[in-house]
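# Architecture at a glance
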Amino acid sequence: DSVQPHYTFLVVDAMTGQNAVNTAEAFHQRLTPDGWQEESYERLNWSDTAITPATTPDGKPCVTAVPLGDRTVLVAVWRVRLGRVRLFLLDTDLAENAPWDRELSARLYGGDRETRIQQEIILGIGGVRALRAMGLAPTVRHLNEGHAAFVALQRIREMIEQGRSFDDSLEEVRRSTVFTTHTPVPAGHDAFPFNLVEKYLAGTWGEIGQHRQNFLALGEYDNGSGSLFNMTALALRTSQFANGVSALHGEVTRSMWRPMWPETPADQLPVRSITNGVHVPTWMAGPVFALLDDHFGPGWLDHVDEPGLWERL
């Protein structure tokens, strides 16, 4: 903790829908009067956005191949300019792909289990391959939720193909991976039957096929309804550092995943907490600002870190 090294981070998050003909599909969320979330989708014109095709070192558009079962899906990469930050988006809506594969990146958290596992293979394995194709080599990978945990499989495969052992490769992946979980209920953590995982990873093993069982064991977890391949369990076992997003959520996470470390004292479980912070002026909606102005009076924004302000609510 006393050392502050410089790291290059890859934050692996969920996919957003893209379209290869200069339009994209985005959605807005709202709450219905009875409290349910609804999404409304709209088509966006890419010419009105700060999004451009990502390129390889030789200047060509970045397109990478991701094996899905007995077929291969092509994935294009788009670059979003966010100040000095580069955000890359993965896109399967390419003419070379089958119509059903073109839809894989169109909706987030939708579809059945088969859709979800294919999306997560594209996100994890495709994300690592896309970075390789662009000549990028992050020092640290930050997995945001278990959806991206297949990053570990691709990295282990690459190291084994370079002549390293499975155990050595796994240790290297752990050393350079950070994991954040947000979800406080078991139903929010993706878990798949092993036959489904085997089906869609069939074309992924390559030269590491002899280590297939070792890798599958990294995701094995029984939450009381039988053993499944659990993406959060995979992320926890392949990360050196794991955290929840508040002190309370850290406690909930340690309680939820306690069976993974049956011999470890509760106060030593390897899940810490980092309370999320926001930049209030740009995070808070205008009507909420007006409401707080009415109740707190001018100058309240200078005291948002003081508990006494919020106790007045």
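One structure accompanies this document, and this report is about it. (Residues numbered from 1 in each chain as written. Predicted model: local features only at pLDDT ≥ 70, side-chain atom pairs only at ≥ 80, totals over all residues. Heavy atoms only, no water.)

Further remarks concern the sheet that holds strand E12 (residues 227-230). With respect to topology, three strands assemble into an open sheet ordered E10-E12-E11, the strand pairing being antiparallel. On the outer flanks of this sheet lie strand E10 (191-192) and strand E11 (220-222), each paired with one strand and no other. (Pairing = 2+ DSSP bridges. Helix = DSSP H or I, 4+ residues; strand = E, 2+ residues; numbered from the N terminus.)

Before going further, it helps to examine the packing of helix H2 (residues 113-133) against helix H3 (residues 151-161). Interhelical geometry of H2 versus H3 gives an angle of 50 degrees and a closest axis separation of 6 Å. Of the possible angle classes, the one that applies to H2 and H3 is oblique. In this structure, the crossing between H2 and H3 has a hand that is right-handed. Contacts between H2 and H3 involve Gly124, Ile125, Val128, Arg129 and Arg132 from the former and Val151, Leu153, Gln154, Arg155, Arg157 and Glu158 from the latter. Across the contact of H2 with H3, the residue classes break down as four nonpolar, two polar and five charged. (Axes fitted to C-alpha atoms, helices over the stretch in contact; angles between N-to-C directions. Parallel < 35°, antiparallel > 145°, perpendicular 65-115°, else oblique. Left-handed = near helix turned anticlockwise from the far one by under 90°. Contact = heavy atoms within 4.5 Å. Nonpolar A, V, L, I, M, F, W, Y, C, P; charged D, E, K, R; others polar.)

The topology assignment puts histidine 249 in helix H8 (residues 247-256). Separated by 3.4 Å, the side chain of histidine 249 and the backbone oxygen of histidine 182 make a polar contact. (Polar contact = N/O pair within 3.5 Å; in protein donor to acceptor, adjacent residues only side chain to side chain.)

Spatial relationships are all this shows, so hold off on functional conclusions.
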